[in-house]
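Overview (structure and organization)
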Amino acid sequence: MLRATSNTGARGRRGSRGFTLLEVIIAVAIIGSSLAILLGAVNKNLLMASQSKNITIASFLAQKKLGEIELIGLPDIGNQQGVFEEAPDFSWYLSVQPYNIEQLGADIRIVILTITWDEGNKEFTVGTAMSDY
């Protein structure tokens, strides 16, 4: 008995052993877009970590400066500014305003301390009231 063979069967099997060019291009496009998304997320995380670090430093410096002010006593009314020696990229601005409540009979001052960094583009502000009582 003779069997009829077809050339298309042999070609069909040979073609199914690998990937077509279109499949490879689609796979590379999917991998490339996935990597772009992942790199964007990593970049955003690095930026947020840097901002978080600077806010933490600013809050520490604000606590330190307010502690210094409290040790000196009731601050003078007016505005002051300076740069932190231990963190030269951070500056401070202090505003002290009177707050009179005659019924209390005490001298009260509102103290607003602003810490700036990134050439003044970022800031952290804290306020408190101090009294001589």
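Details of the structure are given in the entry above.
A short tour of the structure in this document, coming up. (Residues numbered from 1 in each chain as written. Predicted model: local features only at pLDDT ≥ 70, side-chain atom pairs only at ≥ 80, totals over all residues. Heavy atoms only, no water.)

Concerning unusual backbone geometry
Leaving glycine out, the prevailing phi sign among residues is negative, and the prevailing peptide bond configuration is trans. Rule in force here: Helix and strand labels come from DSSP, where a helix needs a run of H or I of at least four residues and a strand needs a run of E of at least two; each type is numbered from the N terminus. Only protein chains enter the calculation, and the probe is 1.4 Å; a residue is then buried if its accessible area is under 20% of its type maximum, exposed if over 50%, and partly exposed in between.
Backbone geometry places aspartate 118, a non-glycine residue, at a positive phi of 55°. Within the element layout of this structure, aspartate 118 appears in the loop between strand E3 (108-117) and strand E4 (122-131). Under the relative-accessibility criterion, aspartate 118 is labelled partly exposed at 42%. The phi torsion at glutamate 119 lies on the positive side, around 55°, for a residue other than glycine. In this structure, glutamate 119 sits in the loop between E3 and E4.

Here we look at a nonpolar patch on the surface
For clarity, the threshold we go by: Only residues whose relative accessible area exceeds 30% and that form no salt bridge are eligible for patches; like-charged ones are grouped when within 9 Å, while nonpolar side chains (Val, Leu, Ile, Met, Phe, Trp, Tyr) are grouped when within 5 Å. Shrake-Rupley sampling with a 1.4 Å probe provides the accessible areas, and residues are treated as covered by the protein chains on show and by no other component. Any Lys or Arg side-chain nitrogen found within 4 Å of a carboxyl oxygen on Asp or Glu counts as a salt bridge.
A surface patch of nonpolar side chains, amounting to about 340 Å² of accessible area, comprises Phe19, Val24 and Val28. Tracing the backbone through its elements, the reader meets phenylalanine 19 in the loop between helix H1 (7-15) and helix H2 (21-72).

As for the sheet that holds E4
Threshold: For two strands to count as paired, DSSP must find a minimum of two bridges between them. Angles run from 0 to 180 degrees between N-to-C directions of axes, and those axes are lines fitted to C-alpha atoms, restricted for helices to the stretch in contact. Here a residue-residue contact requires only that any non-hydrogen atoms of the pair lie within 4.5 Å.
Taken in spatial order, the four strands make up an open sheet running E1-E2-E3-E4, and their pairing is antiparallel. Unpaired on one side and paired on the other, strand E1 (78-83) and E4 mark the two borders of the sheet. Here the strands of the sheet are splayed against their neighbours by 15° on average, with no regard to which way each runs. Bridge count between strand E2 (residues 91-99) and E3: nine bridges; the pairing is antiparallel. Pairing of valine 96 across the sheet is with valine 111, part of E3. Against the sheet, H2 touches E2, E3 and E4, its axis set at about 25° to E4.

Some points on H2
Condition: In this scheme, a helix's expected span is set at 1.5 Å multiplied by one less than its residue total.
For H2, which comprises 52 residues, the first-to-last C-alpha distance of 77 Å matches the rise-based estimate of 76 Å (1.5 Å per residue) to within 8%. The set of residues buried in H2 consists of Asn54, Ala58, Leu61, Ala62, Lys65, Leu66 and Ile69. Close packing links the buried residues of H2 with E2, E3 and E4.

Notes on the pattern of salt bridges
One pass over the structure, following the stated rule, counts four salt bridges. The salt bridge partner of glutamate 68 is lysine 65, with a shortest N-O separation of 3.6 Å. In this pair, glutamate 68 and lysine 65 both sit in helix H2, three residues apart, roughly one turn of the helix. In this structure, aspartate 107 and arginine 109 form a salt bridge, with 2.8 Å as the shortest nitrogen-oxygen distance.

What about the packing of aromatic side chains?
To describe a pair of aromatic rings, you give the distance between the ring centres and the angle between the ring planes. The condition that has to hold: Stacked, edge-to-face and tilted are the three classes for Phe, Tyr and Trp ring pairs, Trp counted by its six-membered ring, which pair at centre distances within 6.5 Å; planes under 30 degrees apart are stacked, over 60 edge-to-face, the rest tilted.
The full count for this structure, using the stated rule, is one aromatic pair. A ring pair is formed by phenylalanine 90 and tryptophan 117, whose centres lie 5.6 Å apart and whose planes are at 35°; its orientation type is tilted. Taken together, the residues phenylalanine 90 in the loop between E1 and E2 and tryptophan 117 in strand E3 connect sequence positions 27 residues apart. Under the relative-accessibility criterion, phenylalanine 90 is labelled buried at 5%.

These values are about where atoms sit, not about what they do.
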